[in-house]
Amino acid sequence: PVALGTVRAVIHATGTVTPAPGADLVVIAPESARIAEIPKAEGDRVRSGDVLVRFDIPTLIADADSKRAETTRAAAMADTARAGLTRATDLVERGVAARRDVEEATRQLADAQAALEQARAARGAADAVAGRTVVRAAFDGVVVKRSHNPGDQVEGSAADPIIRVIDPRRLEVSALSMGNPH
């Protein structure tokens, strides 16, 4: 007779279980650094966005601060050039100054605005690099290996991994069948 049910087969095999592509995250330092924080231990669950490692890299923070200061200085220079153009235009309209003064003020404003854009781009790049001092989980998973502790000095290479997180819901099995299904 026909009946609804679950078909179950058991296959005995030897194989390897590995995380699927995109389900494995190995954290390494962006460069030589000291680990300031590593809040998760082996076996801990992590949620997407959780802090996995916070590095202390003073050179990156100092560079980002320097780029912010350069941006502020460039913005002040652009404001000064803008005011100079307004002043030169007003003087030309009143017949007190030559037209070339407006042309010079226009060139100075263009140069100041270009310098400001360049400073903003450099600041964005420095902030992006400084942002690498904090590594967050890209997916929900489990810490399967933690190789370092807070205070440890680490190198920025694949040979010195800090922590490894996998998504246990996305695993792949590579196996060779070792017998008939039972």
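Residues numbered from 1 in each chain as written. Predicted model: local features only at pLDDT ≥ 70, side-chain atom pairs only at ≥ 80, totals over all residues. Heavy atoms only, no water.

**Overview of the nonpolar core**
Within soluble globular proteins, side chains that are nonpolar generally end up buried alongside one another. Among the nonpolar cores identified, the biggest contains 19 residues, and Val-27, Ile-35, Leu-52, Val-53, Phe-55, Ile-162 and Ile-163 are the most heavily contacted of them. Taken together, the elements giving at least two residues each to this core come down to strand 3 (33–37), strand 5 (51–56) and strand 9 (163–166). Ranked by the residues each element gives to this core, the list is headed by strand 5, at three residues. If you look at the next biggest cluster of nonpolar residues, it comprises twelve residues, including Ala-78, Ala-81, Leu-85 and Ala-119. (Core = buried A, V, L, I, M, F, W, Y, C linked by side-chain atoms within 4.5 Å. Buried < 20%, exposed > 50% of the residue type's maximum accessible area, 1.4 Å probe, protein only. Helix = DSSP H or I, 4+ residues; strand = E, 2+ residues; numbered from the N terminus.)

**So, the packing of aromatic side chains**
A full pass over the atoms with the stated rule returns zero aromatic pairs. One cation-aromatic arrangement involves Arg-170 over Phe-139; the distance from NZ or CZ to the ring centre is 5.8 Å. (Phe/Tyr/Trp six-rings, centres within 6.5 Å; stacked < 30°, edge-to-face > 60°. Lys NZ or Arg CZ within 6 Å of the ring centre and 35° of its normal.)

**Focus: the environment of Thr-16**
Tracing the backbone through its elements, the reader meets Thr-16 in strand 1 (residues 13–19). The spacing of Thr-16 and Arg-136 is 120 residues in sequence and 28 Å in space, taken between C-alpha atoms.

**What about the packing of helix 1 (residues 58–93) against helix 2 (residues 99–130)?**
Two elements in contact, helix 1 and helix 2, have axes separated by 8 Å at closest approach and are oriented at 165°. Taken together, the axis directions place helix 1 and helix 2 in an arrangement best described as roughly antiparallel. Helix 1 and helix 2 meet at a crossing whose hand is left-handed. Taken together, the residues that form the contact of helix 1 with helix 2 break down as 22 nonpolar, six polar and ten charged. (Axes fitted to C-alpha atoms, helices over the stretch in contact; angles between N-to-C directions. Parallel < 35°, antiparallel > 145°, perpendicular 65-115°, else oblique. Left-handed = near helix turned anticlockwise from the far one by under 90°. Nonpolar A, V, L, I, M, F, W, Y, C, P; charged D, E, K, R; others polar.)

**Concerning the sheet that holds strand 5**
Pairing within the open sheet is antiparallel, and its four strands lie in the order 6-5-3-8. Each of the sheet's edge strands pairs with one partner strand only, and the pair in question is strand 6 (134–136) and strand 8 (153–154). Relative to strand 6, strand 5 runs antiparallel, the two sharing three bridges. Within the sheet, the bridge partner assigned to Val-53 lies in strand 6 and is Val-135. (Pairing = 2+ DSSP bridges.)

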